[in-house]
Amino acid sequence: MGYKILAINPGSTSTKIALYEDDKELFCETLNHPLEEIGKYDKVQEQFEMRKDVVLSCLKKHGYDADQLSAVVGRGGMLPQVKSGAYTVNEKMLERLKNNPAMEHASNLGALIAYEIANLAGISAYIYDSVRVDEFKPIARISGMPDIPRTSTSHALNTRAMAMKLAQKLGGKYSDMNFIVAHLGGGISLNVHEKGKLVDVIPDDEGPFSPEGSGRVPCKSLINLCFSGKYDKKTMHKKLRGNGGLKAYLNTTDAREVEKMILNGNEEAKLIYEAMAYQVAKGIGELATVIEGRVDAIILTGGIAYSEMLTSWIKKRVEFIAPVEIMPGENEMESLALGTLRVLRGEEEARVYSE
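No experiment lies behind these values; they were computed from the predicted model shown.

Colleague: Would you mind showing me how to read the overall build of the protein chain here?
Modeller: Each helix and strand in the protein chain was counted, giving 12 helices and 12 strands. Projected onto the principal axes, the alpha-carbon positions of the protein chain cover approximately 55 × 50 × 45 Å. A separation threshold of at least 6 residues defines the contact pool for the protein chain, and within that pool the share at least 24 residues apart is 68%. Put simply, the protein chain shows about 17300 Å² of open surface, and 50% of that area lies on carbon and sulfur atoms. Taken together, the 44 basic and 48 acidic charged side chains of the protein chain have centroids lying 3 Å from each other.

Next up, the structure:
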């Protein structure tokens, strides 16, 4: 019998779960949480019991229970900066995510739910490649404003998994190669991997705009808007993440809808969509300087990487830097499960959280 690994990935209005036996997916399901249900809770942490019960019900529906599991892995939440790879969920991690996360976010529930279910079976719970993976060199932390140091927040889970997969495909080792990876989804982030370490990132608020995020905007104009008296703090946050980007310009977050507009002759839609590709390409060029142009490959991943229109625009601008590999999809459940499988097989060692 192989290792059975339950992967849990909480999102804002859904929880994805998947069960793997070794590297084979047994089932994967998205458990949607109605807005009226989510709306009952003031804080994300208060959703814990509700989401845990839904996960256990789904597991039972598919004919499994906790006693059959070898490990449970949750999406790594908004911890202080952590290293890449696996961490065993412990009391210190739970305390931090419950009471003092770096930011309130649904991913904070991943470790909590994983730990509770793992306890039922007397097995270990893990997180893998938290969104807060930070392997910056000191020079990368300098922002230009001492009271706002740069920190690492990116789609580390999917981007590291794709970089490792491509390294294997190219016949090399992830720890010996350099990659720039752009995750193209509802939010867009980019990062640079230097010989197995995630040494710099362009988070979703420092770079390209996305379907629902404004990305980097002119600072002085942003300050003026914040103090204009027209918007409160909550509204401004939504303008940056939630109501920015394609949503603000074209009133949709669906890239497929934008492409339909373009095919129907909408020139504004074409300009905005191509501008998004343009900004992604600029970000890739920016990160190439971090490793002095020594880039083995550029990877475009995430849900919007399925768009041939968008990826072709990006590729045209950056393929002079390095070969471009299109690896579409979120791939998060597979990444969680296979990372944990490497730990169970002794190919990786899980870290101990001690912050």
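On we go.
Colleague: Is there a simple way to explain the environment of Glu259 in this structure?
Modeller: Locating Glu259 in the fold gives a position in helix H9 (residues 255-263). Under the relative-accessibility criterion, Glu259 is labelled buried at 18%. Residues Glu259 and Tyr273, spaced 14 residues apart in sequence, show a C-alpha to C-alpha distance of 8.3 Å. Setting aside anything within four residues of it in sequence, one finds Glu259 in contact with Tyr273, Ser307 and Met309.

Colleague: Hey, could you run me through the sheet that holds strand E11 (residues 324-328) in this one?
Modeller: Backbone hydrogen bonds are what pair the strands of a sheet, in a parallel or an antiparallel way. Reading across from one edge, E9-E8-E7-E10-E11 is the order of the five strands in this open sheet, with mixed pairing throughout. Two strands close off the open sheet at either side, each with one partner strand: strand E9 (197-202) and E11. Recorded for the sheet is a direction-independent mean angle of 20 degrees between the axes of neighbouring strands. Where strand E8 (residues 188-194) lies against E9, five bridges are found, and the strand directions are antiparallel. Looking across to E9, one finds that Asn191 is bridged to Val201. Taken strand by strand, helix H5 (residues 156-169) contacts strand E7 (178-184), E8, E9, strand E10 (297-302) and E11, and its axis lies near 135 degrees from that of E10.

Colleague: Even after reading the chapter, I still don't get the packing of helix H6 (residues 219-226) against helix H7 (residues 233-240), so can you show me in this structure?
Modeller: Look at H6 against H7: their axes get within 11 Å of each other, and the N-to-C directions meet at 145 degrees. Residue-level contacts link Leu222, Leu225 and Cys226 of H6 to Met236, Lys239 and Leu240 of H7. Looking at side-chain class alone, the contact of H6 with H7 contains five nonpolar, no polar and one charged residues.

Colleague: Would you mind going over the nonpolar core with me for this structure?
Modeller: One finds Leu184, Tyr273, Ile284, Ile298, Leu310 and Ile314 to be the most contacted residues of the largest nonpolar core, which totals 37 residues. Elements with a contribution of two residues or more to this core: E7, E8, E9, helix H8 (245-250), H9, helix H10 (267-288), E10 and helix H11 (308-318). Ignoring anything within four residues of it in the chain, the contact list for Tyr273 reads Leu246, Ala255, Val258, Glu259, Ile262, Ile304, Ser307, Met309, Leu310 and Trp313. With 32 residues, the next largest nonpolar core counts Cys58, Tyr87, Tyr115 and Tyr353 among its residues.

Colleague: Looking at this structure, how should I read the packing of aromatic side chains?
Modeller: One pair of aromatic rings is described through two measures. These are the centre distance and the angle between the planes. Throughout the structure, instances matching the rule amount to four aromatic pairs. Relative to Tyr64, the ring of Phe27 has its centre 6.4 Å away and its plane inclined at 25 degrees; by these criteria the two rings are stacked. In this pair, Phe27 is assigned in strand E3 (residues 24-32) and Tyr64 in the loop between helix H2 (48-61) and strand E4 (71-75), connecting sequence segments 37 residues apart. For Tyr64, a relative accessible area of 22% gives the class partly exposed. Of note, Lys239 hangs over the ring of Tyr231, and the distance from its end group to the ring centre comes to 4.8 Å.

Colleague: Could you clarify how one ought to interpret the side chain of Ser152 in this entry?
Modeller: Here Ser152 is to be found in the loop between strand E6 (125-128) and H5. By relative accessible area, which is 0% here, Ser152 ends up buried. In this structure the side chain of Ser152 is engaged in a polar contact, spanning 2.5 Å, whose partner is the backbone oxygen of Val133. The residues touching Ser152, leaving out its near neighbours within four places in the chain, are Val131, Arg132, Val133, Asp134, Phe136, Leu198 and Val201.

Colleague: For this particular structure, what's the right way to read the sheet that holds strand E12 (residues 351-352)?
Modeller: Overall, mixed pairing links the seven strands, which are arranged E3-E2-E1-E4-E6-E5-E12 in an open sheet. On the outer flanks of this sheet lie E3 and E12, each paired with one strand and no other. Where E4 meets E6, four bridges bridge the pair, whose relative direction is parallel. Paired with Val72 across the bridge in E6 is Ala125. Contacts between helix H12 (residues 332-344) and the sheet are confined to strand E1 (4-10), strand E2 (14-21), E3, E4, strand E5 (86-88) and E6, with E1 contributing the most and set at about 140 degrees to the helix.

Colleague: What should I look at first to understand the pairing of E6 in this one?
Modeller: Each regular strand displays side chains that alternate between the two surfaces of the sheet. Burial of E6 is two-sided: the residues Ala125 and Ile127 facing one way and the residues Tyr126 and Tyr128 facing the other way are all buried. Pairing of E5 with E6, which is carried by three bridges, proceeds in the antiparallel orientation. Residue Tyr87 lies in a different strand from E6, and its bridge partner there is Ile127.

Basis of the calculations
- Residues numbered from 1 in each chain as written.
- Predicted model: local features only at pLDDT ≥ 70, side-chain atom pairs only at ≥ 80, totals over all residues.
- Heavy atoms only, no water.
- Helix = DSSP H or I, 4+ residues; strand = E, 2+ residues; numbered from the N terminus.
- Contact = heavy atoms within 4.5 Å.
- Areas by Shrake-Rupley, 256 points an atom, 1.4 Å probe, with all protein chains shown as cover.
- Lys, Arg positive; Asp, Glu negative; His and termini not counted.
- Charge placed at Lys NZ, Arg CZ, Asp CG, Glu CD.
- Buried < 20%, exposed > 50% of the residue type's maximum accessible area, 1.4 Å probe, protein only.
- Pairing = 2+ DSSP bridges.
- Axes fitted to C-alpha atoms, helices over the stretch in contact; angles between N-to-C directions.
- Nonpolar A, V, L, I, M, F, W, Y, C, P; charged D, E, K, R; others polar.
- Core = buried A, V, L, I, M, F, W, Y, C linked by side-chain atoms within 4.5 Å.
- Phe/Tyr/Trp six-rings, centres within 6.5 Å; stacked < 30°, edge-to-face > 60°.
- Lys NZ or Arg CZ within 6 Å of the ring centre and 35° of its normal.
- Polar contact = N/O pair within 3.5 Å; in protein donor to acceptor, adjacent residues only side chain to side chain.

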